[in-house]
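# Examining the three-dimensional arrangement
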Amino acid sequence: MAHASCPNGHEMWDGDGRPLVWVFRVGFFRDFVKTHPNCVLGENTEYWQIYDCVEDIPGEDFDCWYCDECKSLVVYIDLARYDFKRMRGLPGIKLEKLEDWEDYVAIREQEFEEFREYYEGKNPLDAIEQYDFKYRYKLSPDKKTIFAFDKNGNLAFGYQQC
């Protein structure tokens with residue numbers, strides 16, 4: 001169990017699981033299934049949980065925390081920490097304009113439990129591409145901006161690295 005402060009100074013503790021956000025880069029799984037074409041997630045398999053696929057892979061095993069008080073994010077990748085604050089206003093940008101941005105899925109602990117039940121017995125890429133996530137995310141090439149798009153492809157909210 002660990003403690004951290006969000007970019008605005010609010011205390012977070014992962015002992016209750018509340019701040020945790022499960023984050024997966026879709027491109028990683030596209031490459032992963034090329035080298036593991038027969039991978040199926042579930043008990044008695046090499047990759048029991050989807051996070052087993054990214055475990056100990058440099059740059060892919062994200063530790064992301066969400067602050068319920070101010071909606072900011074703290075993202076740990078390897079030994080680095082990145083702080084993101086929720087944008088107050090959103091640009092008038094369309095999903096189609098972000099083709100060179102990286103695709104991600106991210107879900108809080110409760111939704112992750114539902115996703116876990118869904119992906120049992122599935123290929124990890126199929127699970128990520130077919131699951132009905134509330135939002136899908138895009139990360140800018142410079143890794144400083146995150147946009148969340150709803151199921152209809154509308155920009156819902158964004159984050160800027162601070």
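Relevant structure appears above.
Structural notes, computed from the coordinates. (Residues numbered from 1 in each chain as written. Predicted model: local features only at pLDDT ≥ 70, side-chain atom pairs only at ≥ 80, totals over all residues. Heavy atoms only, no water.)

## Focus: the sheet that holds strand β6 (residues 80-86)
Pairing is antiparallel around the closed barrel formed by 8 strands, whose spatial order is β3-β4-β5-β6-β10-β9-β8-β7. Strand-to-strand twist of the sheet, defined as the mean angle between neighbouring strand axes without regard to direction, takes the value 30 degrees. With 5 bridges joining them, strand β9 (residues 145-149) and strand β10 (residues 155-161) adopt antiparallel strand pairing. From the neighbouring strand, Thr-145 faces β10, where its bridge partner is Gln-160. Contacting β3 (20-25) and β7 (102-108), helix α3 (residues 109-119) crosses the sheet at an angle of about 105 degrees to β7. (Pairing = 2+ DSSP bridges. Helix = DSSP H or I, 4+ residues; strand = E, 2+ residues; numbered from the N terminus. Axes fitted to C-alpha atoms, helices over the stretch in contact; angles between N-to-C directions. Contact = heavy atoms within 4.5 Å.)

## Details of the nonpolar core
Grouped together as the largest cluster of nonpolar side chains are 22 residues, with contacts concentrated most on Phe-24, Phe-29, Phe-32, Ile-50, Phe-115 and Ile-128. For this core, the secondary-structure elements that each account for two or more residues are α1 (26-35), α2 (51-54), β7, α3 and α4 (124-130). Top contributing element to this core by residue count: α1, with 5 residues. Dropping the residues within four chain positions of it, Ile-50 is found in contact with Phe-24, Phe-29, Leu-41, Phe-112, Phe-115, Tyr-119, Pro-124 and Ile-128. Leu-73, Ala-106, Ile-146 and Ala-148 belong to the second-largest nonpolar core, a separate cluster that totals 16 residues. (Core = buried A, V, L, I, M, F, W, Y, C linked by side-chain atoms within 4.5 Å. Buried < 20%, exposed > 50% of the residue type's maximum accessible area, 1.4 Å probe, protein only.)

## Thoughts on the side chain of Lys-138
Assignment of secondary structure puts Lys-138 in strand β8 (residues 136-139). Judged by relative accessible area, which is 10%, Lys-138 ranks as buried. Of the polar contacts made by the side chain of Lys-138, one reaches the side chain of Asp-103; its length is 2.7 Å. Beyond its immediate stretch of four places on either side in the chain, Lys-138 contacts Leu-95, Leu-98, Trp-101, Glu-102, Asp-103, Thr-145, Ile-146, Phe-147 and Phe-149. (Polar contact = N/O pair within 3.5 Å; in protein donor to acceptor, adjacent residues only side chain to side chain.)

## A word on unusual backbone geometry
Not every positive phi belongs to a glycine, and Asp-56 is a case in point at roughly 65 degrees. Positionally, Asp-56 belongs in the loop between α2 and β4 (62-66). At Asp-78, a position not held by glycine, the phi torsion is positive, near 55 degrees. Tracing the backbone through its elements, the reader meets Asp-78 in the loop between β5 (73-77) and β6.

## Describing the environment of Ser-5
In this fold, Ser-5 is placed in strand β1 (residues 3-5). Classification of Ser-5 as partly exposed rests on a relative accessible area of 25%. In sequence terms Ser-5 and Gly-17 are 12 residues apart; their C-alpha atoms lie 15 Å from each other. Among residues more than four places away in sequence, those in contact with Ser-5 are His-10, Glu-11, Met-12, Val-74 and Arg-81. There is a polar contact of 2.9 Å between the side chain of Ser-5 and the side chain of Glu-11.

## Considerations on the side chain of Arg-25
Within the element layout of this structure, Arg-25 appears in strand β3. Of note is the side chain of Arg-25, whose polar atom sits 2.6 Å from the side chain of Glu-60.

## Describing the packing of aromatic side chains
Counted according to the given criterion, the structure contains 22 aromatic pairs. A centroid spacing of 4.8 Å and a plane angle of 70 degrees characterise the contact between Tyr-131 and Phe-133, whose relative ring orientation is edge-to-face. In this pair, the class of Tyr-131 matches that of Phe-133, namely buried. Geometry around Phe-157 places Arg-86 over its ring, the cationic atom sitting 4.0 Å from the centre. The ring centre of Tyr-118 lies 4.3 Å from the NZ or CZ of Lys-122, which sits over that ring. (Phe/Tyr/Trp six-rings, centres within 6.5 Å; stacked < 30°, edge-to-face > 60°. Lys NZ or Arg CZ within 6 Å of the ring centre and 35° of its normal.)

## Observations regarding the pattern of salt bridges
Counted under the stated rule, the structure contains 11 salt bridges. Between Arg-25 and Glu-60 there is a salt bridge; the shortest N-O distance is 2.6 Å. Taken as a pair, Arg-25 in strand β3 and Glu-60 in the loop between α2 and β4 lie far apart in primary sequence, 35 residues in all. Residues Arg-25 and Glu-60 agree in their burial class; the two are buried. One salt bridge in this structure joins Arg-81 and Asp-83, with 2.7 Å as the shortest N-O distance. Judged by relative accessible area, which is 36%, Arg-81 ranks as partly exposed. Ionic contacts of the salt-bridge type, sharing partners, join the residues Asp-16, Arg-18, Asp-68 and Arg-108 into one network. (Salt bridge = Lys/Arg side-chain N within 4 Å of Asp/Glu carboxyl O.)

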